[in-house]
Amino acid sequence: MCAVLSVALTAFHMLYTERVRREQERLSALLQPIVYTVGWEDSSRFRYSIVENGKCREFPDKITRVDVTRGTIRSMSAVTFDGETAKVLGPFEVQAEKEQRDMAAVPTGVTVETEPQNAPLTEGALLYDYFFLWIEALDGERRLDMICHVIDLDSGAVSETLRWSRPELLRRSQSALQNAREKMLADYWELTVRMEELPNC
């Protein structure tokens, strides 16, 4: 009888220990620093209309797809800012997928659609379509990231997508932003100061 009880207790202890280990691993994964990738697709709602040298060019605005690859986002909002007026979109509901062997839903991504800027920033044959992401992680970390789609005015396609997590990184960036960098950097610094005043942020 004692032997049977001992075996049962040992089995229960092993199952409990494994369950605790898996729960600790799950919580650790959820609380990791946020890492995400950014993609894009053409918008069916908004279009850019650029007039240059008497020539009008039109092409779709871009929808941004944010896919979380590590950590957990508690809240995410998009902010557009033209140097004077800030407009907050969100907070967005972060789409989730349930892992087969996990008890919790794992946040995976969100789709962000912003309206075209009233005075889009262009330089040469490029348009800089940029906005900001206000992100709050599950562990309480909060940050303001800048997302910039560099669009070729001739084709209307995104030639590259740039991202910075601090104004200092934009200032030191090696990307060929030329004069556009100063306008974007000024907006970034100003919005960093004003974020706490904005709704839903």
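Quick caveat: nothing in here was measured; it's all calculated off a predicted structure. (Residues numbered from 1 in each chain as written. Predicted model: local features only at pLDDT ≥ 70, side-chain atom pairs only at ≥ 80, totals over all residues. Heavy atoms only, no water.)

Peer 1: What's the story with the overall build of the chain in this structure? I'm lost.
Peer 2: Secondary structure summary: the chain contains three helices and 10 strands in total. Sorting the 201 residues of the chain into buried and exposed places 40% on the buried side. Taking the contacts inside the chain whose residues are at least 6 apart along the sequence as the reference set, 57% of them involve residues at least 24 apart. Taken as a whole, the chain presents about 12,000 Å² of accessible surface, with 51% of it coming from carbon and sulfur. (Helix = DSSP H or I, 4+ residues; strand = E, 2+ residues; numbered from the N terminus. Buried < 20%, exposed > 50% of the residue type's maximum accessible area, 1.4 Å probe, protein only. Contact = heavy atoms within 4.5 Å. Areas by Shrake-Rupley, 256 points an atom, 1.4 Å probe, with all protein chains shown as cover.)

Peer 1: Would you take a moment to explain the packing of aromatic side chains for this structure?
Peer 2: We describe a pair of aromatic rings using the distance from one ring centre to the other and the angle between the two ring planes. Per the stated rule, a full pass over the model turns up three aromatic pairs. On the numbers, 5.8 Å between centres and 40 degrees between planes, the contact of Tyr48 with Phe59 is tilted. You can see Tyr48 sitting in strand β1 (residues 35-52) and its partner Phe59 sitting in strand β2 (residues 55-70), a full 11 residues away along the chain. Per residue, the accessibility class of Tyr48 equals that of Phe59, and both read buried. Taking the centre distance of 6.3 Å and the plane angle of 90 degrees together, the rings of Tyr130 and Phe132 count as edge-to-face. An identical accessibility class is assigned to Tyr130 and Phe132; each is buried. Residue placement shows Arg163 over the ring face of Tyr36; its charged tip is 4.3 Å from the ring centre. (Phe/Tyr/Trp six-rings, centres within 6.5 Å; stacked < 30°, edge-to-face > 60°. Lys NZ or Arg CZ within 6 Å of the ring centre and 35° of its normal.)

Peer 1: Mind showing me how you'd approach the confidence of the model for the chain here?
Peer 2: Fine structural detail should not be taken from predicted coordinates in areas where pLDDT scores are low. On average, the chain scores 76 in pLDDT, and the residues at 70 or more come to 71%. Confidence over residues 97-107 falls short of pLDDT 50; this stretch has 20 contacts with residues more than four positions distant or in other chains. (pLDDT = per-residue confidence, 0-100.)

Peer 1: Please clarify how the pattern of salt bridges should be interpreted in this entry.
Peer 2: Between side chains of opposite charge, pairing is possible as soon as their charged atoms come close. Counted according to the given criterion, the structure contains eight salt bridges. When the shortest N-O distance is used, the salt bridge between Glu58 and Arg47 registers 3.7 Å. With a gap of 11 residues between them, Glu58 in strand β2 and Arg47 in strand β1 connect regions that are remote in the sequence. Accessibility expressed as a relative area gives 48% for Arg47, which makes it partly exposed. In this structure, Arg143 and Asp145 form a salt bridge, with 3.0 Å as the shortest nitrogen-oxygen distance. (Salt bridge = Lys/Arg side-chain N within 4 Å of Asp/Glu carboxyl O.)

Peer 1: Is there a simple way to explain the pairing of β2 in this structure?
Peer 2: Every other side chain in a regular strand lies on the same face of the sheet, so the side chains alternate between the two faces. Looking at chain direction, β1 and β2 are connected through 14 bridges and run antiparallel. Considered in β2, the bridge of Ser49 is made with Glu58. A loop of two residues connects β1 with β2, the two strands running antiparallel in sequence, and Asn53 in this loop sits at a positive phi of about 55 degrees. (Pairing = 2+ DSSP bridges.)

Peer 1: What should I look at first to understand the nonpolar core in this one?
Peer 2: If you look at soluble globular proteins, the nonpolar side chains tend to sit buried side by side. In this structure, Phe132 and Met184 are the most contacted members of the largest nonpolar core, which totals 22 residues. Those elements that provide at least two residues to this core are β3 (73-81), β8 (126-137), β9 (142-152), β10 (158-164) and α3 (180-194). With five residues, α3 is the single largest residue contributor to this core. Sequence-distant contacts of Met184, defined by excluding residues within four places in its chain, comprise Leu121, Tyr128, Tyr130, Met146, Cys148, Trp164 and Leu170. Core analysis: the next-biggest nonpolar cluster, separate from the first, contains 14 residues, Val66, Val68, Ile135 and Ile147 among them. (Core = buried A, V, L, I, M, F, W, Y, C linked by side-chain atoms within 4.5 Å.)

Peer 1: Would you mind going over the environment of Leu121 with me for this structure?
Peer 2: Within the secondary structure, Leu121 is located in strand β7 (residues 121-123). Leu121 gets classed as buried once you look at its relative accessible area, which sits at 17%. Setting aside residues no more than four positions away along its own chain, Leu121 makes contact with Leu126, Leu127, Tyr128, Tyr130, Ala180, Lys183 and Met184.

Peer 1: Would you mind showing me how to read the side chain of Ser75 here?
Peer 2: Note on placement: Ser75 falls in strand β3. Given a relative accessible area of 19%, Ser75 falls into the buried group. Residues within four places of Ser75 in sequence aside, it is in contact with Pro91, Trp134, Ile135 and Glu136.

Peer 1: Please explain the pairing of β10 as it appears in this structure.
Peer 2: Alignment of β9 against β10, held across six bridges, turns out to be antiparallel. When the sheet's bridge partners are listed, Ile151 is paired in β10 with Val158. Between β9 and β10, which pair antiparallel in sequence order, lie five residues; one of them, Gly156, sits at a positive phi of approximately 75 degrees.

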